[in-house]
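Geometric and topological summary
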Amino acid sequence: MAKNTVCLWYESGADEAARFYTGVFPQSQLGAICRAPSDYPNGKAGDVLTVEFVVAGIPCLGLNGGPRFQHSEAFSFQIATEDQAETDRYWHAIVGNGGQASQCGWCKDKWGISWQITPRILMSAMAQGGMVAKRAFEAMMPMQRIDIAVLEAAIAAAKNG
């Protein structure tokens, strides 16, 4: 296990989530799966208790802890994408696997974890500041899945005018 690991509490299904994430995102891998040595408040001996995994280079531990705690948008994974095909691939993988779309490139997987599928061109435009950032931001605000062509048009308009 890594020295610093993100622990994600799941009601159940941490192993299913880890397998999904490691199948979708590069630089991901499944690690040790630990089973409960005895019954516990939300499970029985032999149930998957924890699963170690790496998602997009981030070491994580999934904990099947029961319904006591729920995920919120206060925590999300931000995945930087290079082009529309990569943006669409991740977005559709999450939303198409029981997840739900949100605004501005955010979506939530079926386990309640929030993801920001963010093209690098958007981050670059925001870092430039001024009219480029303003136009890119305004173009992004009504979107769910980010449309890079719309962002490029907004950025070009800001630079030309």
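Above this note sits the structure.
In short, a report on the structure. (Residues numbered from 1 in each chain as written. Predicted model: local features only at pLDDT ≥ 70, side-chain atom pairs only at ≥ 80, totals over all residues. Heavy atoms only, no water.)

1. Regarding the nonpolar core
Soluble globular proteins tend to pack their nonpolar side chains together in the buried interior. We count it as follows: By nonpolar core we mean a set of buried residues, namely Ala, Val, Leu, Ile, Met, Phe, Trp, Tyr and Cys, connected to one another through side-chain atoms within 4.5 Å. Accessible area is worked out with a 1.4 Å probe on protein chains only. A residue is then buried under 20% of its type maximum, exposed over 50%, and partly exposed in between. Put simply, DSSP H or I for four residues or longer makes a helix, DSSP E for two residues or longer makes a strand, and each gets a number counted from the N terminus. Pairs of residues are marked as contacts when any of their non-hydrogen atoms sit within 4.5 Å.
Within the largest apolar cluster, 24 residues are counted, with the highest numbers of intra-cluster contacts made by Tyr10, Tyr21, Phe25, Phe53, Val55, Trp115 and Ile117. Put simply, the parts of the chain that give this core at least two residues each are β1 (6-10), α1 (14-24), β3 (48-55), β5 (76-81), α2 (84-95) and β8 (114-119). For this core, the element with the highest residue contribution is α1, accounting for six residues. Those residues in contact with Phe25 that lie beyond four places of it in its chain are Val55, Ala56, Ile79, Tyr90, Ile94 and Trp115. Leu122, Met140, Met143 and Ile155 belong to the second-largest nonpolar core, a separate cluster that totals 13 residues.

2. Section: unusual backbone geometry
The phi dihedral of Gln27 is positive, around 55 degrees, even though this residue is not glycine. Mapped onto the fold, Gln27 is located in the loop between α1 and β2 (29-35). One non-glycine residue, Cys104, lies in the positive phi region at around 60 degrees. A relative accessible area of 18% means that Cys104 is categorised as buried.

Any functional reading would require information that these geometric values do not contain.
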